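Fold and geometry: a report
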Number of protein chains: 2
Amino acid sequence: MEIALFIFDKMTPLDAVGPLEVISRVPGADVKIVGKTAGSVRAGHIGLTADHAMGDVTSSDIVLIPGAADMSHITSDAEILDWVRAVDKTTTWTTSVCTGALVLGAAGLLQGKRATTHWSAIRQLEGYGAIAADERVVTDGKIMTGAGVSAGIDMALTLLAEVAGDDHAQFVQLMTEYDPQPPFNSGSLAKAPDAIRDRALALFA
Amino acid sequence: MEIALFIFDKMTPLDAVGPLEVISRVPGADVKIVGKTAGSVRAGHIGLTADHAMGDVTSSDIVLIPGAADMSHITSDAEILDWVRAVDKTTTWTTSVCTGALVLGAAGLLQGKRATTHWSAIRQLEGYGAIAADERVVTDGKIMTGAGVSAGIDMALTLLAEVAGDDHAQFVQLMTEYDPQPPFNSGSLAKAPDAIRDRALALFA
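Residues numbered from 1 in each chain as written. Chains lettered and ligands numbered in written order. Predicted model: local features only at pLDDT ≥ 70, side-chain atom pairs only at ≥ 80, totals over all residues. Heavy atoms only, no water.

1. Re the pairing of strand β7 (residues 93–97) of chain B
Residue and element names in this part refer to chain B. Applied cut-off: Partly exposed describes any residue whose relative accessible area lies between the buried limit of under 20% and the exposed limit of over 50%, with all areas from a 1.4 Å probe on protein chains only and scaled to the type maximum. Helix and strand assignments follow DSSP, with helices taken as H or I runs no shorter than four residues and strands as E runs no shorter than two, numbered in order from the N terminus. Pairing between strands is defined by DSSP: at least two bridges between them are needed.
With respect to burial, β7 is a largely interior element, 5 of its 5 residues being buried. In this structure, strand β6 (residues 62–65) lies alongside β7, joined through 4 bridges in parallel fashion. When the bridges of β7 are listed, Val63 appears paired with Thr94. Examined bridge by bridge, β7 and strand β11 (residues 143–146) share 4 bridges and lie parallel to one another. When the bridges of β11 are listed, Thr95 appears paired with Met144.

As structure tokens, this is what we get:
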């Protein structure tokens, strides 16, 4: 099972590492960390290593595209979009977390497809012809998208169940002790207190 | 607010990146990614960059120690334990995720303290004189410990509320869309189906 995780400068690190922690536990996983070029990328406060240049990874069973606060440097990069389209032709699952969905959209893969993204990017997603769904994990054919940042963990468990079975997914949930107990109930626009929601929405007004 | 995140070879990447995503959003955070030496470490399937050698970071407001499946190369490293003890003298919060708690224990910081770790390492934690608590996040004085892997996100939100207030923690929860919806209910020994629990426990028998 080949898994290609695309990483890039300014990305949100949890978008990648949350699902990586889960999906890399597919038995026999061959994980490739892929960048536009091989080498270090800066994901906010931490550097991550792209072991492979995208030109050297021309196929994969699963491809996963994480997001960032601003995706314009990726969605406007024709070479990256060409790579995403080419790899997608070879995948059994093409997946994204957070605003990574905008890359799938810009690559033309979401036309008429149900998909999700970070709550701040729903309108942009629709701009690519996607049918935006206000759900944590959305599957449409072989495209699986997760909502913002931390949703990548839920997306990856859902994906893991598809490729390795429910029992293995539950085993990995136990090994990663994913028994979430957030100290607040503020993780969605619907659940956050009004003042918190308004502060967050103001960033995107 | 100085935050020192210690990283090392063979570590579990989500142990570090989950809490990093949250706690780095303290207003004015000065995050330092620290290794035994500066340079790349291999965290399972992904390389992370230590921007600083531990010798160059002698104090921090917060220190965070992630875990790994096997911690013996860290808990037996006198230089690392010396560093943890020295930095702890300067912190307002000394924290761990998963088996990172064993490093705090080996450094002598958990004698008589309530603490938690990955479910598989509870007995080892008690071996360091800690009072093991079967809770997701445990605070005892300035020591805050999180349970296994994904618990670092809950730990960091709890910590963020302490250092930046409940409102800011809720804002960060919304920005990271931390509204967990795992597809299964298998994240703890108590909740996992019997066969899944037995398979996991057998790894540590």
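2. Comments concerning the pairing of strand β1 (residues 2–6) of chain B
Remark: a regular strand shows side chains that alternate across the two faces of the sheet. Residues and elements named next belong to chain B. Basically, it comes down to this: By definition, the crossover connecting two strands over a helix is right-handed if that path, from the first strand to the second, turns clockwise as seen with the strands pointing away from the viewer.
Among the 5 residues that make up β1, 4 are buried, leaving the element largely enclosed by the rest of the structure. Strand direction decides the pairing type here: β1 and strand β2 (residues 30–35), joined by 5 bridges, are parallel. Counterpart to Phe6 in the pairing with β2 is Val34. As for the winding sense of the linkage, the β-α-β connection from β1 through helix α1 (residues 13–23) to β2 is right-handed.

3. Overview of the relation of the copies chain B and chain A
The following threshold applies: Least squares is the method for superposing the copies, and the C-alpha atoms it fits come from residues with pLDDT of at least 70 in both.
Taken as rigid bodies, chain B and chain A are interconverted by a rotation of 180° and an axial shift of 0.0 Å, the fit giving an RMSD of 0.0 Å. Here the two chains are linked by the operation of a two-fold rotation axis. Scanning chain B for the C-alpha nearest the rotation axis identifies Leu48(B), at a separation of 2.3 Å.

4. What to know about unusual backbone geometry
For Glu177(A), which is not glycine, the phi torsion reads 45° and is therefore positive. Here Glu177(A) shows up in the loop between α7 (166–175) and α8 (194–202). Although it is not a glycine, Cys98(B) sits at a positive phi angle of roughly 60°. Its location among the elements puts Cys98(B) in the loop between β7 and α4 (101–106). Owing to a relative accessible area of 4%, Cys98(B) belongs among the buried residues under this scheme.

5. Some words on the sheet that holds strand β4 (residues 46–50) of chain B
As a reminder, the rule being used: Angles here are taken between N-to-C directions and fall from 0 to 180 degrees, while the axes themselves are lines fitted to C-alpha atoms, restricted in helices to the stretch in contact.
The 4 strands are arranged β3(A)-β4(A)-β4(B)-β3(B) in an open sheet whose pairing can be described as antiparallel. Of all the strands in the sheet, just β3 (39–43) of chain A together with β3 (39–43) of chain B have a single pairing partner and so form its edges. Averaged over all neighbouring strand pairs, the angle between strand axes comes to 35°, with direction disregarded. As paired elements, strand β4 (residues 46–50) of chain A and β4(B) share 3 bridges and run antiparallel to each other.

6. Looking at the interface of chain B and chain A
The cut-off we apply is this: Every residue pair with non-hydrogen atoms within 4.5 Å of one another is taken to be in contact. Buried area is a sum: the accessible area each of two parts loses on coming together, probed at 1.4 Å, counted once for each and added. Salt bridges are defined by distance alone: a side-chain nitrogen of Lys or Arg within 4 Å of a carboxyl oxygen of Asp or Glu. We define a polar contact as two N or O atoms separated by no more than 3.5 Å, with the added condition that, inside protein, one atom must be a possible hydrogen donor and the other a possible acceptor, whereas residues neighbouring each other in sequence contribute only through side-chain atom pairs. Gly counts as polar in this scheme, as do all residues outside two lists: the nonpolar Ala, Val, Leu, Ile, Met, Phe, Trp, Tyr, Cys and Pro, and the charged Asp, Glu, Lys and Arg.
Each side of the interface is counted separately: chain B has 65 residues, and chain A has 65 residues. A per-residue breakdown of the area chain B buries against chain A is headed by Leu174(B), Glu177(B) and Phe184(B), which together make up 13% of the total. Between chain B and chain A we count 4 salt bridges in total. Across the pair Arg42(B) and Asp51(A) runs a salt bridge whose closest N-O atoms are separated by 2.9 Å. In this assembly, chain B and chain A are joined by 38 residue pairs in polar contact (both at pLDDT 80 or more). Those elements giving two or more residues to the side of chain B that touches chain A turn out to be α1, β2, β3, β4, α6 (151–164), α7 (166–175) and α8 (194–202) of chain B. At 9 residues, α7(B) tops the list of elements feeding residues into the side of chain B that touches chain A. Here the residues of the side of chain B that touches chain A are counted per class, giving 31 nonpolar, 21 polar and 13 charged.

7. Some words on the packing of helix α6 (residues 151–164) of chain A against α7(A)
Residue and element names in this part refer to chain A. Inclusion rule: By the definition adopted for this analysis, an angle is roughly parallel if under 35 degrees, roughly antiparallel if over 145, roughly perpendicular if from 65 to 115, and oblique otherwise. The sense of a crossing depends on the near helix, which, turned anticlockwise from the far helix by less than a right angle, makes the crossing left-handed and, turned clockwise, makes it right-handed.
Contact pair α6 / α7: the axes reach a minimum separation of 7 Å and the direction vectors enclose 140°. Taken as axis vectors, α6 and α7 run oblique relative to one another. Of the two elements, α6 crosses α7, and the hand of that crossing is right-handed. From α6, Leu157, Leu160, Ala161 and Ala164 reach across to α7, where they touch Asp166, His168, Ala169, Val172 and Gln173.

8. Side note on the packing of helix α1 (residues 13–23) of chain A against α1(B)
Look at α1(A) against α1(B): their axes get within 9 Å of each other, and the N-to-C directions meet at 150°. For the element pair α1(A) and α1(B), the recorded crossing hand is left-handed. Residues Pro13(A), Leu14(A), Val17(A), Gly18(A) and Glu21(A) of α1(A) lie in contact with α1(B), whose contacting residues are Pro13(B), Leu14(B), Val17(B), Gly18(B) and Glu21(B). Considering only residue class, the contact of α1(A) with α1(B) consists of 6 nonpolar, 2 polar and 2 charged.

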